[in-house]
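# Structural features, examined
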Amino acid sequence: MADIKFRQLKYNKARLAIMKFIAESGIRVGDRLPPERELVNQLPCSMITMRHALADMESAGLIARRHGSGTYLAKEIRDDSFQCSILFVSVFHKGEDLPGRGLDRLRLYLADRGLGLSYVAVTEFGLEVVNAARDCIGVIADGWLTDDFIVQLKTLNLPVIVQGNVNLHEDVPAISLDLELAAYRLARIMIEDGRRRIALFRGPGFYYPAVQAERGYLKAMHEAGLPPWIMRVEERFTYNEEIERFMAEHADVEGILMEHPVLVDFISWIWRTGYAGRPAIGFLSRETDHKKYRQNRNFLWLKFENLSIRVAQALLDHVIEGKPMKSVKLVPVIPSVDDDSDSFIS
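Residues numbered from 1 in each chain as written. Predicted model: local features only at pLDDT ≥ 70, side-chain atom pairs only at ≥ 80, totals over all residues. Heavy atoms only, no water.

## A closer look at helix α9 (residues 240-249)
- Within the sequence span of α9, burial applies to Glu 242, Ile 243, Phe 246 and Met 247. The buried residues of α9 occupy one face: seen down the axis, they fall within an arc of 120°. Seen from the buried face of α9, the exposed residues on the opposite side, beyond 90 degrees, are Glu 241, Ala 248 and Glu 249. (Buried < 20%, exposed > 50% of the residue type's maximum accessible area, 1.4 Å probe, protein only. Helix = DSSP H or I, 4+ residues; strand = E, 2+ residues; numbered from the N terminus. Arc of directions from axis to C-beta.)

This is the structure in structure tokens:
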């Protein structure tokens, strides 16, 4: 598929810029838009281009011009028939649950800016991706990405940005979660609370987020002069035997850093065995991954800026304003430590 040539369809950047401005300024149906001169000063387009865009929006019924009064938003942008979309590509392993959950917020975010969301889940690059990219202005790539897959995505001649923690050598901007810092900070909090026997339950060696988390954990333990205890597993959702073996050998463990799937099995193991110990838990996952637990110094989880929205913002700023897309690591916030949060997740 290396010789695929895909020409990006023409679209009105000025129209996108105006709709982005409307969404981010909180303009509602019936509100008046700023005068044309003010819009031109704030948006990356000329007066002629902007007037063409406004005329197009008026003919579509999005805005209404009233002589002597101004220009008003006539209907919700998200009710418009989208002229172009963003393509979201999820790459998954065969046998996995189909990815793509959690895209509703991204879909609404784009709709508010006059854009659709085209979604495709694949195990390899092919015509399904090429066809889904038609009428799209950019690509968000997520999942089990490889350098070869990124190279093939670039043949679409669309701007590409990666979402999530992926180990790639191919030059492509990526916005990810700083899991190394997250694990480091969680371990440091436990150490500052007087705990010395702290373990890390992590995923298989090839799972890059687990590799990053281990780095942060090892750094914190090394700085404190403490020995690391690491439990590695090769399959997800099959942790009970590994947990039982590890806990038998480390019955005095005082703190554990773990991912969400491990937590589920850890709790079921506690119920099954009647384990009496109460190690502190550092949850290496975003708050949206669970809804049941109260944050406190014995049970810590992470908050991050919404990853998909941040990726979409970077892509739109590049498409509309020509801003370069740069790789960014989102910094974690730990509720009840970095703020006064002490309630159930809402």
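That shown, we press on.
## With respect to the sheet that holds strand β5 (residues 136-143)
- If you walk across this open sheet you meet the six strands as β4-β3-β5-β6-β7-β13, and the pairing is parallel. This sheet does not close on itself; its edge strands, each paired only once, are β4 (116-122) and β13 (328-330). For this sheet, the mean inter-axis angle between neighbouring strands, taken without regard to orientation, is 20°.
- One ladder, built from four bridges, connects β5 with strand β6 (residues 160-163); its direction is parallel. For Asp 142, the partnering residue across the bridge sits in β6 and is Gln 163. (Pairing = 2+ DSSP bridges. Axes fitted to C-alpha atoms, helices over the stretch in contact; angles between N-to-C directions.)

## Examining the environment of Ile 150
- Position of Ile 150 relative to the elements: it lies in helix α6 (residues 147-154).
- With a relative accessible area of 0%, Ile 150 lands in the buried category.
- Along the sequence, Ile 150 and Ile 161 sit eleven residues apart, while their C-alpha atoms lie 9.6 Å from each other.
- With residues near it in sequence (within four places) discarded, Ile 150 still touches Leu 145, Val 162, Leu 168, Glu 170 and Val 172. (Contact = heavy atoms within 4.5 Å.)

## Some remarks on the packing of aromatic side chains
- This model, assessed by the stated rule, comprises eight aromatic pairs.
- On the numbers, 6.0 Å between centres and 45° between planes, the contact of Trp 144 with Tyr 207 is tilted. Note that Trp 144 is positioned in the loop between β5 and α6 and Tyr 207 in the loop between β8 (198-202) and α8 (208-223), a separation of 63 residues in sequence.
- Classification of Trp 144 by relative accessible area gives partly exposed; the value is 27%.
- Here Tyr 207 falls in the buried class, since its relative accessible area comes to 18%.
- Ring geometry for Phe 201 and Phe 246: centres 5.2 Å apart, planes at 85°, overall edge-to-face. Here Phe 201 is found in strand β8, whereas its partner Phe 246 is found in helix α9, with 45 residues between them in sequence. Each of the two residues, Phe 201 as well as Phe 246, counts as buried. (Phe/Tyr/Trp six-rings, centres within 6.5 Å; stacked < 30°, edge-to-face > 60°.)

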